[in-house]
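Survey of secondary and tertiary structure
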Amino acid sequence: MPTSTILPATTVLAAILLLVAIGTPALAAEPDAPSSQELAFFESKIRPLLVAHCIDCHGAETQESSLRVDTMSGMLGGGESGAAVIPKDPKHSLLLAAVRYDNQHLKMPPDGKMSDGQIKLLQQWIEMGAPHPDQLASGGIQPRRAPIDLSEGRKYWAFQPVQSPPVPPSDKKNPIDAFIGAALEKQGLTPNGPADRRTLIRRATFDLTGLPPTPDEVNVFLADDSPDAFAKVIDRLLASKSYGERWGRHWLDVVRYADSNGLDENQAFVDAWRYRNYVIDSLNEDKPFDQFVMEQVAGDLMAKESDAQENYDSTIATGFLTLGPKVLAEKDIVKMEMDIIDEQIDTLGQAFLGLTIACARCHDHKFDPISTADYYALAGIFKSTKSMQSFATIAKYNEKVLATDEQIQRKEKLDKAKAEKQAELDKLLKESKQKFPDAKQEAYPDEVRKQLAALRQEIAALADQAPELPTAMAVQDATPESLRIHVRGSHLILGQKVPRGVPVILQQSEPLNISDGESGRLQLAQWLADADNPLTARVAVNRVWRWHFGSGLVPSTDNFGKLGVAPTHPQLLDWLAQRFVAEGWSLKALHRQIMLSETYQRSSLASADNGALDPENQWYWRGNVQRLSAEALRDSLLQVSGQLDPTQGESMLSIDKWKLVFDHTSKDDTNYDTQRRSIYLPVIRNNLYDEFALFDFATADTTQGDRTTSTVAPQALFTLNSPLFLDASENLAKRLHDQLPNDDRARIELLYQLTLARSPQDHEVTRLLTTIDQLELALREQTDHNQAKLQAWAAACQCVLASNEFIYVQ
């Protein structure tokens, strides 16, 4: 959003009302060429469906009813019945009608209906605009037609070793500024100067904690004229537990975290919170990122080599592999397992490597040098891993008991004793009922009643001594097994067996050394975290850069392959990656390096000359204005209104394990009634919290390292009418009154300091006080004096909270 559109807080209400009255302008047409993320969705989700169910009868060799679905032109042109696909119009797309079996004369595939999950994927694809590689503009990246050439593939920048580029000559203290400065000079751009101190502390505090700075924090920074004043701010923010809550949420986007399954059976993930809190705690302690990666892939195997039996973090970390959406009622158990493995490969590939490896399930990757054999080498590792406790409908994810062997044995012993006492009680009740058939228990003889009471007391005491042991979503090794290639992705047509391993293009030297008795997960984790891996560190530092600046050095954060976007500053990317590894994979050190640069601290003011040359700020001549994320917006409203509960949360799902939390008919056991930070709210697939859905929360179905930012009329209506904004406005008004009951001008000052980290200008004070007086006078006709005053101040607070200046960070 351009800085010139930031509105004064006191004019926002009129702007919102005008927006509601006249509507919003039509959105610009989508570009014809699909994005890399959209193409990855097609390759990994849609093409396999078309290959498995459609192409035999509607492909290059056979076109029943004159329809081809192996090309985009074939689907758009359609067959005898009309267009098979109409982009963004699922209602009139015959392909969707056919697979839904909407018409008795149009049912495809004819040998059996697709699953609900598969149909939903097709609908989602059409709603996206039916992105397809055939739509790529002339001269763009084209699908590979020849066999994979590894020597040619290794020439691609992302598959080459990380370099240690020399820092460009410069008078800048921070090498980041030297790299950025050299690029700016080459482009003929003049960088902005530094942002003012109030803007800078607000930017840094939101960046690192997702919360606004307090007036005291702002004042301390303003009063500190030492050269390391900003460095002290950064260190304070990194030491705050709010840091892990902010940056943990970023990582949860990447690993598609959710508290429910979604898809066909929206099973509650009642223990998912343990993984979420593991992520928060790991980031707060600045756990080395290589260790963080390894724990999530093979933490259970690492824990076996550790003496700390009661440290369960490593086991909990493997919840990463179990959190994905699954078709839990799939009747074909082998297919269900392979679909789960596919989802694991897709997430691991994008999260850690920035590669869409899952696109090679049915055929060699169309763009990157990743073969089907590479895919099934990885799939063998996950086939040798137990991710599910049961595949019987409704399937259950795997879990581990978080207890020592001694604790488990004690629980089993107490449970056995409890069961024996329960059997005694049941026997005595049965005998007594037969002996005294017409009598109530209260009328039994004293001796019998005493026996019953004693048994019940013993059972209760045993239950107290043996509470349920905590569990976590986690994986463990299964029987090791290398897989055969599934021709066209089908487990019914098997090809050659592939040894377990990683894509050949990424092997540092030799294949992974996996013995017959191992799954290979530990070796996979070690390979991912190896300093010589060309992608892990690059992908990680690029994610951090994107979350600071709003755009990555590689703009396609989840795709470093050929369908992604090349790095704008390749040398800077490699310099950051090699330094990241050299400094022990410390994320906090990386934050300091970035935030202490002039590049990070630049003003976001617009420049006509620079804007003409670089309107998207690709070369970082200014700071980017960024809207608060959905979570930061909610958390900020709670904080400034004095309602935020800073304690760490656990699960908010009051539902038994394995039960469904939500369906689209009558069941909804979701609860969002908490004042804790938004990261502790449940993420229910297919039923997101309203504010999250409205303000561009990440989809929890796939890796999403780059959230979009939309501007739509319902967002403005939400600031006017939602209980979240109304409650925050009223509580903020009460807070102002309680702290300054007799000084209206001082209240306005405090209002601006709490919300915008600045003092109001004189005309803003005058305008707000005039508006408050007029509102109070009008409201007195409907309510008493005190209530009218509170409501008038609440409306003024709402004006500020709904302003662009509050919702955007300069």
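Residues numbered from 1 in each chain as written. Predicted model: local features only at pLDDT ≥ 70, side-chain atom pairs only at ≥ 80, totals over all residues. Heavy atoms only, no water.

The helix and strand tally for the protein chain stands at 32 helices and 10 strands. Relative to the 2.2 N^0.38 estimate, which gives 28 Å for 810 residues, the radius of gyration of the protein chain is 30 Å and therefore close to what a compact globule would have. Structurally, the protein chain occupies a C-alpha span of about 85 × 85 × 60 Å along its principal axes. Looking at the protein chain as a whole, 52% of its 810 residues qualify as buried. Within the protein chain, residue pairs in contact and separated by at least 24 positions form 70% of the contacts whose partners lie at least 6 positions apart. Surface exposure of the protein chain reaches about 36200 Å², of which carbon and sulfur atoms provide 51%. Measuring between centres, the 84 positive side-chain charges of the protein chain sit 2 Å from its 111 negative side-chain charges. (Helix = DSSP H or I, 4+ residues; strand = E, 2+ residues; numbered from the N terminus. Rg over C-alpha atoms; globule rule 2.2 N^0.38 Å. Buried < 20%, exposed > 50% of the residue type's maximum accessible area, 1.4 Å probe, protein only. Contact = heavy atoms within 4.5 Å. Areas by Shrake-Rupley, 256 points an atom, 1.4 Å probe, with all protein chains shown as cover. Lys, Arg positive; Asp, Glu negative; His and termini not counted. Charge placed at Lys NZ, Arg CZ, Asp CG, Glu CD.)

Right, let's talk about the environment of Thr 356 for a bit. The topology assignment puts Thr 356 in the loop between α15 (333-353) and α16 (372-383). Along the sequence, Thr 356 and Ser 44 sit 312 residues apart, while their C-alpha atoms lie 7.7 Å from each other.

Attention now moves to the packing of helix α28 (residues 723-739) against helix α29 (residues 744-756). α29 packs onto α28 with a crossing angle of 130 degrees between their chain directions and a minimal axis gap of 10 Å. Relative to α29, the element α28 lies oblique. The handedness of the crossing between α28 and α29 comes out as right-handed. In this structure, α28 uses Leu 732, Arg 735, Leu 736, His 737 and Gln 739 to contact α29, whose residues at the interface are Arg 747, Leu 750, Leu 751, Leu 754 and Thr 755. The residue makeup of the contact of α28 with α29, split by class, is five nonpolar, three polar and two charged. (Axes fitted to C-alpha atoms, helices over the stretch in contact; angles between N-to-C directions. Parallel < 35°, antiparallel > 145°, perpendicular 65-115°, else oblique. Left-handed = near helix turned anticlockwise from the far one by under 90°. Nonpolar A, V, L, I, M, F, W, Y, C, P; charged D, E, K, R; others polar.)

Predicted coordinates in areas of low pLDDT are best not read in detail. Per-residue pLDDT for the protein chain averages 90, and the proportion of residues at 70 or more is 93%. Residue range residues 1-31 is modelled with pLDDT below 50. Its contacts to residues more than four positions away, or to other chains, number 48 contacts. (pLDDT = per-residue confidence, 0-100.)

This brings us to unusual backbone geometry. With an omega dihedral of -5 degrees, the bond running from Met 108 to Pro 109 counts as a cis peptide bond. Examined against the element boundaries, Pro 109 turns out to sit in the loop between α4 (94-100) and α5 (116-127). With an omega dihedral of -10 degrees, the bond running from Thr 393 to Ile 394 counts as a cis peptide bond. The residue Ile 394 is located in the loop between β2 (388-390) and β3 (396-397) in this model. For Tyr 101, which is not glycine, the phi torsion reads 60 degrees and is therefore positive. Assignment of secondary structure puts Tyr 101 in the loop between α4 and α5. With a phi angle near 55 degrees, Trp 585 is a residue other than glycine that sits in the positive phi range. Looking at the secondary structure, you find Trp 585 in the loop between α21 (570-582) and α22 (587-595).

Close approach of charged atoms lets side chains of opposite charge pair. This model, assessed by the stated rule, comprises 46 salt bridges. As a salt-bridge pair, Arg 707 and Asp 253 come within 2.7 Å of each other at their nearest N and O atoms. With a gap of 454 residues between them, Arg 707 in the loop between α26 (690-694) and α27 (713-721) and Asp 253 in helix α11 (residues 241-254) connect regions that are remote in the sequence. Exposure remark for Arg 707: the relative accessible area of 16% places this residue in the buried category. For Lys 383, the salt bridge identified is with Glu 481, shortest N-O distance 3.1 Å. Placement of Lys 383 in helix α16 and of Glu 481 in the loop between β6 (476-477) and β7 (483-486) is noted, with a sequence separation of 98 residues between them. Looking at Lys 383, the relative accessible area reads 18%, which means it is buried. Overall, Glu 481 belongs to the partly exposed group, its relative accessible area being 34%. (Salt bridge = Lys/Arg side-chain N within 4 Å of Asp/Glu carboxyl O.)

Bringing the nonpolar core into the picture now. Core analysis: the largest hydrophobic core is formed by 179 residues, its most contacted members being Tyr 275, Phe 352, Leu 524 and Trp 545. Setting aside residues no more than four positions away along its own chain, Leu 524 makes contact with Val 297, Leu 348, Leu 378, Ile 381, Phe 382, Val 502 and Leu 512. In this structure, Cys 54, Leu 95, Ile 119 and Ile 126 belong to the second largest nonpolar core, which totals 21 residues. (Core = buried A, V, L, I, M, F, W, Y, C linked by side-chain atoms within 4.5 Å.)

Taking 1.5 Å of rise per residue, 17 residues should cover 24 Å, and helix α31 (residues 785-801) covers 24 Å from first to last C-alpha, within 8% of that figure. Within α31, burial applies to Ala 788, Leu 790, Ala 792, Trp 793, Ala 794, Ala 796, Cys 797, Gln 798, Cys 799, Val 800 and Leu 801. With a side-chain oxygen lying 3.1 Å from the backbone nitrogen of Asn 786, the N-terminal cap of α31 falls on Asp 784. (Expected span 1.5 Å × (residues − 1). Polar contact = N/O pair within 3.5 Å; in protein donor to acceptor, adjacent residues only side chain to side chain.)

Our focus in this paragraph is the packing of α15 against helix α20 (residues 536-549). Axis separation between α15 and α20 bottoms out at 7 Å; the angle between their running directions is 75 degrees. Taken together, α15 and α20 sit at an angle that is classed as roughly perpendicular. Residue-level contacts link Gln 350, Ala 351, Phe 352 and Leu 353 of α15 to Thr 536, Val 539 and Arg 543 of α20. Here the residues of the contact of α15 with α20 are counted per class, giving four nonpolar, two polar and one charged.

This model, assessed by the stated rule, comprises 30 aromatic pairs. Aromatic side chains Tyr 275 and Tyr 278 sit 6.0 Å apart centroid to centroid with 40 degrees between the ring planes, which places their arrangement in the tilted category. Taken together, the positions of Tyr 275 and Tyr 278, both in helix α12 (residues 272-284) and three residues apart, correspond to about one turn of that helix. One aromatic cluster is present, formed by Trp 251, Tyr 275, Tyr 278, Phe 289, Phe 292, Phe 320, Phe 352, Phe 580 and Trp 585 through successive ring pairs. Taking NZ or CZ as reference, Arg 256 lies 5.6 Å from the ring centre of Phe 320, over its face. Stacked on the ring of Trp 793, the Lys or Arg Arg 747 has its end atom at 4.6 Å from the ring centre. (Phe/Tyr/Trp six-rings, centres within 6.5 Å; stacked < 30°, edge-to-face > 60°. Lys NZ or Arg CZ within 6 Å of the ring centre and 35° of its normal.)

With that settled, consider the side chain of Arg 276. In this fold, Arg 276 is placed in helix α12. Comment: no salt bridge for buried Arg 276; closest opposite-charge side chain is Asp 259, at 4.8 Å. Looking at Arg 276, its side chain comes within polar contact range of the side chain of Asn 277, at 3.0 Å. Here Arg 276 is in contact with Leu 252, Tyr 257, Gly 649, Glu 650, Ile 679 and Tyr 680, once residues within four sequence places are set aside.

Our focus in this paragraph is the environment of Glu 43. Residue placement: Glu 43 occurs in helix α2 (residues 36-53). A sequence separation of 322 residues divides Glu 43 from His 365, and the C-alpha atoms of the two residues are 8.5 Å apart.

Attention now moves to a nonpolar patch on the surface. A surface patch of nonpolar side chains, amounting to about 290 Å² of accessible area, comprises Val 487, Leu 492 and Ile 493. Mapped onto the secondary structure, Leu 492 falls in the loop between β7 and β8 (494-498). (Patch = residues over 30% accessible without salt bridge, like charges linked within 9 Å, V, L, I, M, F, W, Y side chains within 5 Å.)

Right, let's talk about the state of the cysteines for a bit. Within the structure shown, the criterion is met by zero disulfides. Here Cys 54 is not cross-linked by a disulfide; its sulfur's nearest cysteine counterpart is in Cys 57, at 8.9 Å. Overall, Cys 54 belongs to the buried group, its relative accessible area being 11%. Cys 359 takes part in no disulfide bond, and the closest cysteine sulfur to it belongs to Cys 362, at a distance of 9.8 Å. On the basis of relative accessibility, which here comes to 2%, the residue Cys 359 falls in the buried class. (Disulfide = S-S within 2.5 Å.)

Here the focus is helix α19 (residues 521-528). Most of α19 sits out of view: seven of its eight residues are buried. Among all positions in α19, only Arg 521, Leu 522, Gln 523, Leu 524, Ala 525, Trp 527 and Leu 528 are buried.

This part takes up the environment of Ile 748. Its place among the elements puts Ile 748 in helix α29. Residue class for Ile 748 comes out buried when judged on its relative accessible area of 0%. Ile 748 sits 12 residues away from Leu 736 along the chain, and the two C-alpha atoms are 8.5 Å apart. Excluding residues within four positions of it along the chain, Ile 748 makes contact with Pro 760, Val 765, Leu 768, Leu 769, Ile 772 and Trp 793.

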